[in-house]
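# Coordinate analysis (summary)
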Amino acid sequence: MFEDEQQIIESKIREFCLKNDIPIAELKWSPIPFSGEWGTSTSFFATAALEARAGKKIQVPARAQEIAEQAKAAIGSVQGISRVDAIKGYLNLYFSTSEYARRVVDEVLASNADFGRGAPKSERIMVEYAQPNTHHSFHIGHHRNTILGEALARIVEFAGFDTIRASYPGDIGLGVITILWAYDRFYKGQEPQGIHERGQWLLKIYAEATAMLEPKENETPEEKAKREAYDVERHEMYRKWDINDPYVRELWLKTREWSLEELRDILRILDVKMDVWFFESDVDVPAKEIVGELIAKGIADDERPQGGAVIVKIDEKLGLTKEKYRTNIIMRSDGTTLYLTKDLALAKVKFEQYHVDRSIYVVDVRQSMHLQQAFAILKLWGFKQAEKCYHLGYGFVSLPEGAMSARRGRVVLFKDVMDEAIKRVLAVESEKSPDISEEERRHVAEQIGLGALAYSMLSVDNNKDIIFDINEALNFDGHTGPYIQNAYVRANSILKKSDGLPKESQFDYELDPHEIELIELISRFPDKVQQAADEYRPLIMANYTYDLANAFHSFYHAVPVIQTEDKNVREARLRLVAAAKQTIANALRLLDIQAPEVM
RNA sequence: GCCCCUGUAGCUCAAUGGAUAGAGCACCUGCCUUCUAAGCAGAUGGUUGUGGGUUCGAAUCCCGCCAGGGGCGCCA
């Protein structure tokens, strides 16, 4: 927020260095640690190191301090800077508190929901996430994926990028066919009531079918024959799907719709609005076409005449001598396509039809190799956007008893966890806030329960695995979503009890350190948005939001607002509370967490 | 065999190559007749897996090793 002042100071430092023949290194600016005062700082270690490397006999830390002291003298006075300190090689510039506090608060309350929004950028980003296979229910692993993707989409969008949200559900494959087969064989015509019940029922059928089709120990010849007969039936159904058999296709579309209804309902609950739906089955035909193109361009090698498949020797084609991307198949020997082929076809659609400059894939880290191969082939193919394809991988979510497995029916469903979350919040709520009406309580419980779940997923670095513990995920104390929501509620509570928000205010009194820290954190929000977007890391926003809430809670406790006698001070603090509330709301929104008015 | 990820307080996790490695949970001490105690203030807790190296400066970068997880041509 203070680029102008920073520019003025930076040019003064450069001028001083130029005059004194000091080879200045790039200046990096950061907030001054050890809170209580407020400002920005830079250091001269890099500059001193340049001198040392140039042959000067100096001690870097001592020389950095020397330059800092000289720079301090050279800077003189700057509008808006109350004091300059040179310490341990750092140059600390303290802001004139009143003026800056007013600027920050005024800007927030002028921009409101747009506070922190970045200037529009020329590039278009597509974020692909929320892509469970159909015919399965949505589990907590999908929840991590969806929350991560949605938070990222909200962050890059708010940072100024033209953003498209895309989902790419796997709607075909042997797993899907297995469910169709078992449904048709054993449950034909049945259909449970309720969107989620029906979806979960399909999942149960899948686990049953898998058990029937798996070889068992000590199986009798009769059992073996039955199992093998089932397997033949299943593959026959896949063949029929492939040749567009009307019966199988209709069955497939009907059951697929059941899954999609369930998925759409969960996305509605999570407030995720997809712009584009790509289905795996849609790219099958185009995928076949691009194989020919890649062969013609000499990128792929057709080994089918020798009884092999169509492959891409990626390392060789890129001219790499060391093994990196290896070789992968883009078409089976029987002429059918693979996941990789479909991803190539999909990327082509993204680039050519949707004019995407950057393509982000929020996909399980286990598919890292696959995506690196896809990006490398896209590059060979001539797509310059391949450079800006990015795999946001994330560690998988497992259970204390081991990995989740849809095949074994050992999954923790998101819907179940959500229901449990709401139940627990309601229990806490009726104890702590008996005044809230029955109707509102249910709504607030959903906001808090979902907030706790979302934050537990976002507050861990994406490349770390999560062992899902429901008691941890639904903890409402400390470093959690509800802690942040509570800060928002408390701010709201103060504002509700005031006689309205003053139009303007002066911060011309001695501010409490808690006030200064809160204002400082608010002022950093726009930069944090850009940083999180640049690095594709929702975690940065999650951490920031917690810090902001923490500063507000401390402020709340230490600094009276409504009870302040002095009218000037009270009005300034009221506006500060409103600015804090707004910034918390904006930050929570980027995390796809709702801000309840009461709790 | 090769490649990727992870290893930080008892537990779960933070920390643009820079100032004193920080939070939460758990445990302990205080704080509700005062704007919501889902909170605040404080105490305890560290050889950042390990051994080298680079650097004025390393949890962070490089190399070796140890431990755990994942991946590696006709699954997705």
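Attention in this report is confined to the structure presented alongside it. From a predicted model like this one, the values you see are computed outputs, not experimental measurements.

### So, the sheet that holds strand S12 (residues 389–394)
Pairing between the strands of a sheet comes from backbone hydrogen bonds, and it takes one of two forms, parallel or antiparallel. Here we have 5 strands laid out as an open sheet, ordered S7-S6-S5-S11-S12, and parallel in their pairing. Among the strands making up the open sheet, the edge pair consists of strand S7 (276–277) and S12. Where strand S5 (residues 124–128) lies against strand S11 (residues 358–364), 4 bridges are found, and the strand directions are parallel. Counted as the bridge partner of Glu-128 is Tyr-361 from S11. With respect to the sheet, helix H12 (residues 339–352) is in contact with S5, S11 and S12, its orientation differing from that of S11 by roughly 145°. Contacts from helix H13 (residues 368–381) reach S11 and S12, with the element oriented near 180° to S12.

### Some thoughts on the sheet that holds strand S4 (residues 90–95)
In spatial order, the strands read S1-S2-S4-S3; together these 4 strands make up an open sheet with antiparallel pairing. Looking at strand neighbours, the two that pair on one side only are strand S1 (30–31) and strand S3 (81–87), the edges of this open sheet. Bridging between S1 and strand S2 (residues 39–43) involves 2 bridges; their strand directions are antiparallel. Across the sheet, Ser-30 pairs through a bridge with Ser-41, a residue of S2.

### Description of the protein's contact with RNA strand B
Around RNA strand B lies a shell of 65 residues, among which Tyr-90, Ile-329, Arg-490, Ser-493 and Gln-563 are the nearest. The protein-proximal atoms of RNA strand B, defined as those within 4 Å of the protein, are 60% sugar or phosphate. Note that a sugar or linking oxygen of RNA strand B is positioned 3.4 Å from one of the backbone N or O atoms of His-479. In this structure, a phosphate oxygen belonging to RNA strand B sits 2.2 Å away from a side-chain N or O atom of Arg-490.

### Here's the deal with the packing of aromatic side chains
Under the counting rule described, the total for this entry stands at 26 aromatic pairs. Both rings, one in Tyr-183 and one in Trp-201, keep their centres 5.8 Å apart while their planes meet at 90°; by these two values the pair is edge-to-face. Here Tyr-183, found in helix H6 (residues 174–186), pairs with Trp-201, found in helix H7 (residues 195–213); they are 18 residues apart in sequence, far enough to count as distant. Trp-201 carries the same exposure label as Tyr-183, and that label is buried. Here a set of aromatic residues connected by ring pairs shows up, and it is made of Phe-115, Phe-158, Phe-525 and Tyr-544. Directly above the ring of Phe-279 sits Arg-256, whose terminal nitrogen or CZ lies 4.1 Å from the centroid. Lying across the ring of Tyr-361, Lys-350 places its NZ or CZ 4.0 Å from the centre.

### Things to note about the environment of Gly-402
Here Gly-402 is to be found in the loop between strand S13 (397–398) and helix H14 (414–432). Residues Gly-402 and Ile-467 lie 65 residues apart in sequence; the distance between their C-alpha atoms is 8.5 Å.

### Quick look at unusual backbone geometry
Its identity as a non-glycine residue notwithstanding, Asn-244 has a phi of 65°, on the positive side. Mapped onto the fold, Asn-244 is located in the loop between helix H8 (221–242) and helix H9 (246–269). Since its relative accessible area comes to 48%, Asn-244 is described here as partly exposed. Within the chain, His-355 stands out as a residue other than glycine whose phi angle is a positive 50°. Mapped onto the fold, His-355 is located in the loop between H12 and S11. Overall, His-355 belongs to the exposed group, its relative accessible area being 52%.

What counts and how
Residues numbered from 1 in each chain as written. Chains lettered and ligands numbered in written order. Predicted model: local features only at pLDDT ≥ 70, side-chain atom pairs only at ≥ 80, totals over all residues. Heavy atoms only, no water. Pairing = 2+ DSSP bridges. Helix = DSSP H or I, 4+ residues; strand = E, 2+ residues; numbered from the N terminus. Contact = heavy atoms within 4.5 Å. Axes fitted to C-alpha atoms, helices over the stretch in contact; angles between N-to-C directions. Near = heavy atom within 4 Å. Polar contact = N/O pair within 3.5 Å; in protein donor to acceptor, adjacent residues only side chain to side chain. Phe/Tyr/Trp six-rings, centres within 6.5 Å; stacked < 30°, edge-to-face > 60°. Buried < 20%, exposed > 50% of the residue type's maximum accessible area, 1.4 Å probe, protein only. Lys NZ or Arg CZ within 6 Å of the ring centre and 35° of its normal.

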